[in-house]
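Tertiary structure, described
Residue-level listing of the chains:
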Amino acid sequence: MLTAASILLALGCNDDDVQTSQLLVRSDDTVDFSQFRRFSVVTEELLPEAPEMGEDEALFVRMVNDMIVDAMKREPVCMDFIPPDEVTEENLPDLFAANGVARNTEEGVVWECVGGWWWGYYGFYWDSCAWLEPVFVSYEIGSLLIPVGPPAADVSGGPIFAGLAQSVLDGASDTESKARAAVDAIFAQWPVRRSCSGD
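To start, this report covers the structure provided alongside it. (Residues numbered from 1 in each chain as written. Predicted model: local features only at pLDDT ≥ 70, side-chain atom pairs only at ≥ 80, totals over all residues. Heavy atoms only, no water.)

This brings us to the packing of aromatic side chains. With the rule as written, the count across this model stands at 6 aromatic pairs. On the basis of an interplanar angle of 80° and a centroid distance of 6.0 Å, the ring pair of F33 and F36 is categorised as edge-to-face. For the residue pair F33 and F36, the accessibility class agrees, reading buried in each case. Ring geometry for F33 against W190: centres 5.2 Å apart, planes inclined by 85°, an arrangement best described as edge-to-face. A residue pair is termed long-range when its members are at least 10 positions apart, and F33 in the loop between β2 (23-28) and β3 (38-41) and W190 in the segment after α3 (175-187) qualify at 157 residues. By relative accessible area, F33 is classed as buried at 3%. An aromatic cluster is present here, built from F33, F36, F161, F187 and W190 joined pairwise through their rings. (Phe/Tyr/Trp six-rings, centres within 6.5 Å; stacked < 30°, edge-to-face > 60°. Buried < 20%, exposed > 50% of the residue type's maximum accessible area, 1.4 Å probe, protein only. Helix = DSSP H or I, 4+ residues; strand = E, 2+ residues; numbered from the N terminus.)

Shown next as structure tokens:
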């Protein structure tokens, strides 16, 4: 299972960030999100080599998958859902969404691009990734990670959109409400805003 820091790192230097103390959302701004129309969610059946989950964890993953489907079918995402049991080579979605919960506390560093002016052979020029600065990322037990990316055959660097909500499973509050609020907040940051009205 990939750690949240490695998934967020896989999004690369060219991304847009939305971060609060409880939520981090990243998207790859080199990707044209308007091209994506259909999605599905990752289930145990689609990923047979996934680590074994306990009954409660599997129930939580299914519940969050249902929330992801609901959020991605609504504005601002407005995509068509392909149920996982209908995914085939001929009926492949443009994107897959997954979810996972942190089982332990982790910390890491993500290197962010910083734009700047450089002196070169032809004089000064602007470089959108002139140097890298470290951004420290941590997540706690019970944090919810939602990566979204193209099918494995089409992916060259991992997810193109990801959200991390801190401590959704804290044992002290209504888990379902916190998970729904986190999923809705993550997908509210979708890079291309669409209207579901069909206009």
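With that settled, the discussion passes to the nonpolar core. Counting residues in hydrophobic clusters, the biggest one holds 31 residues, and the most contacted among them are I68, M72, L144, V148, V183, F187 and W190. Listing elements by their share of this core, those giving two or more residues are β2, β3, α2 (55-73), β5 (95-97), β9 (144-149), β10 (161-165) and α3. For this core, the leading source of residues is α2, giving 7 residues. (Core = buried A, V, L, I, M, F, W, Y, C linked by side-chain atoms within 4.5 Å.)

Moving on: the state of the cysteines. Throughout the structure, instances matching the rule amount to 1 disulfide. Paired by a disulfide, C78 and C196 hold their sulfur atoms 1.8 Å apart. With the S-S dihedral at roughly -95°, the linkage between C78 and C196 falls on the left-handed side. One end of the pair, C78, is in the loop between α2 and β4 (80-81); the other, C196, is in the segment after α3, with 118 residues separating them in the sequence. In this structure C78 comes out as buried when scored by relative accessible area, which is 15%. (Disulfide = S-S within 2.5 Å.)

Let us now look at a negative patch on the surface. Where like charges cluster on the molecular surface, the negative patch consists of E44, E45, E52, D85 and E86. Here E45 is to be found in the loop between β3 and α2. (Patch = residues over 30% accessible without salt bridge, like charges linked within 9 Å, V, L, I, M, F, W, Y side chains within 5 Å. Areas by Shrake-Rupley, 256 points an atom, 1.4 Å probe, with all protein chains shown as cover. Salt bridge = Lys/Arg side-chain N within 4 Å of Asp/Glu carboxyl O. Lys, Arg positive; Asp, Glu negative; His and termini not counted. Charge placed at Lys NZ, Arg CZ, Asp CG, Glu CD.)

The first and last C-alpha atoms of α3 sit 18 Å apart over 13 residues, in line with the 18 Å expected at 1.5 Å per residue. The secondary structure elements touched by the buried residues of α3 are β2, α2, β9 and β10. (Expected span 1.5 Å × (residues − 1). Contact = heavy atoms within 4.5 Å.)

Here F39 is to be found in strand β3. The spacing of F39 and G149 is 110 residues in sequence and 9.5 Å in space, taken between C-alpha atoms. Beyond its immediate sequence surroundings of up to four residues, F39 is in contact with V69, M72, K73, M79, D80, F81, I82, P93 and L95.

What follows covers α2. A rise of 1.5 Å per residue sets the reference length of α2, with its 19 residues, at 27 Å; its end C-alpha atoms lie 27 Å apart and thus fit the reference within 8%. Those residues of α2 that are buried are in contact with β3, β4, β5, β6 (100-101), β9 and α3.

Side chains of W117, W119, F124 and W126 sit close together on the surface and give an oily, nonpolar patch of about 620 Å² of accessible area. Elements supplying a minimum of two residues to the nonpolar patch: β7 (106-120) and β8 (123-139). By relative accessible area, which is 48% here, W126 ends up partly exposed.

It is worth spelling out the pattern of salt bridges at this point. Applying the stated rule across the entire model yields 3 salt bridges. Measuring nitrogen to oxygen at the nearest pair gives 3.2 Å for the salt bridge that ties D70 to R74. The class for D70 is partly exposed, based on a relative accessible area of 34%. What makes R74 partly exposed here is its relative accessible area of 33%. Residues joined in a network through salt bridges with shared partners are D70, R74, R180 and D184.

The values are spatial; any link to function lies outside them.
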